[in-house]
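Topology and contacts: notes
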Amino acid sequence: MGRFNYTLLDRYLLTLTYRYDGSSRLSDKNKWAGFPSMSVAWRLSEEAFLQGARSRFLDNLKLRFSWGNTGNTNVDPYETLGKLSKTYYSWNETAAIGTIPTGIPNPDLKWEKTGQFDVGFEIGFWQNRLSFDVAYYNKKTTDLLLDCPIPHTTGFTTVYKNIGSV
């Protein structure tokens, strides 16, 4: 993870962040994914054209914008591999132990990703005794990790897939 913060004249703010995460829950080809984010803000209350209002009643006025991505690998460990379970059976009239498949492998499972952007402003009056924070955001998750039903003729009932978005 890396983060860069920059402030210019105590008015203009910038933050850049990048995460590169790995998850052993996914196959080697999809184990790693990058997640960038950034935010910018402008403290209008520090500008010269608002100094008169600032000395009388205004303490804070800031516009801000942010955008970023996060990831999720909320599946059981080894979900991308075929699963085997122990079973008992008879071999020449003798009890024996064997294995049976209990899950379908999906090596194509990848990170579920959520992207979001925000835009808003903050305003504070009379030494911030009265303050407001107004924001609008839009959030979208893609490549949802869902346990999907499959035909019973496969011998199984579900398999994890990356499908859909919210």
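Below is a summary of the structure that appears in this document. (Residues numbered from 1 in each chain as written. Predicted model: local features only at pLDDT ≥ 70, side-chain atom pairs only at ≥ 80, totals over all residues. Heavy atoms only, no water.)

Note: strand β1 (residues 2-8) against strand β2 (residues 12-22), 7 bridges, orientation antiparallel. Its bridge partner lying in β2, Thr7 is registered against Leu13. (Pairing = 2+ DSSP bridges. Helix = DSSP H or I, 4+ residues; strand = E, 2+ residues; numbered from the N terminus.)

With that out of the way, let us pick up the nonpolar core. Core analysis: the largest hydrophobic core is formed by 8 residues, namely Leu26, Ala33, Phe35, Val75, Leu109, Trp111, Leu145 and Tyr160. Residue contacts for Val75: discarding those within four places in its chain leaves Arg25, Leu145 and Tyr160. Counting residues in hydrophobic clusters, the runner-up holds 6 residues, among them Leu50, Leu58, Ile123 and Phe125. (Core = buried A, V, L, I, M, F, W, Y, C linked by side-chain atoms within 4.5 Å. Buried < 20%, exposed > 50% of the residue type's maximum accessible area, 1.4 Å probe, protein only. Contact = heavy atoms within 4.5 Å.)

Our next topic: the pattern of salt bridges. This structure, assessed with the given rule, holds 8 salt bridges. The shortest N-O distance in the salt bridge between Asp21 and Arg19 comes to 2.8 Å. Across the salt bridge formed by Asp143 and Lys110, the nearest N and O atoms sit 3.9 Å from each other. On the criterion of sequence distance, the pair formed by Asp143 in the loop between β8 (130-142) and β9 (145-149) and Lys110 in the loop between β6 (94-103) and β7 (112-125) is long-range, its members being 33 residues apart. Here Lys110 falls in the partly exposed class, since its relative accessible area comes to 36%. Linked through salt bridges whose partners overlap, the residues forming this network are Lys62, Arg64, Glu122 and Asp133. (Salt bridge = Lys/Arg side-chain N within 4 Å of Asp/Glu carboxyl O.)

A few words now on the side chain of Asn30. When you line up the elements, Asn30 lands in the loop between β2 and β3 (32-43). For Asn30, the contacting residues outside a window of four places in its chain are Pro107, Asp108, Leu109, Lys110 and Trp111.

Attention now moves to the sheet that holds β8. Reading across the sheet, the 6 strands line up as β1-β2-β3-β4-β7-β8 and stay open at both edges, with antiparallel pairing between neighbours. Strand pairing shows two members of the sheet lacking a second neighbour, β1 and β8, which therefore form its edges. Shown here is a sheet whose adjacent strand axes are inclined to one another by a mean of 5 degrees, direction ignored. Both strand β4 (residues 58-72) and β7 contribute to a ladder of 14 bridges, which runs antiparallel. Bridge assignment links Gly68 to a residue of β7, and that residue is Gln116. (Axes fitted to C-alpha atoms, helices over the stretch in contact; angles between N-to-C directions.)

Counted by the stated rule, this structure contains 7 aromatic pairs. Aromatic side chains Phe35 and Trp111 sit 5.2 Å apart centroid to centroid with 65 degrees between the ring planes, which places their arrangement in the edge-to-face category. Taken together, the residues span a long stretch of sequence, with Phe35 in strand β3 and Trp111 in the loop between β6 and β7 at a distance of 76 residues. Exposure remark for Trp111: the relative accessible area of 7% places this residue in the buried category. Each ring, one from Phe125 and one from Trp126, has its centre 5.6 Å from the other, and the planes form 40 degrees; the classification is tilted. By relative accessible area, Phe125 is classed as buried at 16%. Residue classification places Trp126 among the partly exposed positions, given a relative accessible area of 47%. Through pairs of rings, three or more aromatic residues link up here, namely Phe57, Phe125 and Trp126. (Phe/Tyr/Trp six-rings, centres within 6.5 Å; stacked < 30°, edge-to-face > 60°.)

With that settled, the discussion passes to the pairing of β6. In this structure, strand β5 (residues 83-91) lies alongside β6, joined through 9 bridges in antiparallel fashion. The residue of β6 that forms the bridge with Tyr89 is Ala96. The hairpin turn running from β5 into β6, its antiparallel successor, is 2 residues long, and Asn92 in that turn takes a positive phi close to 50 degrees.

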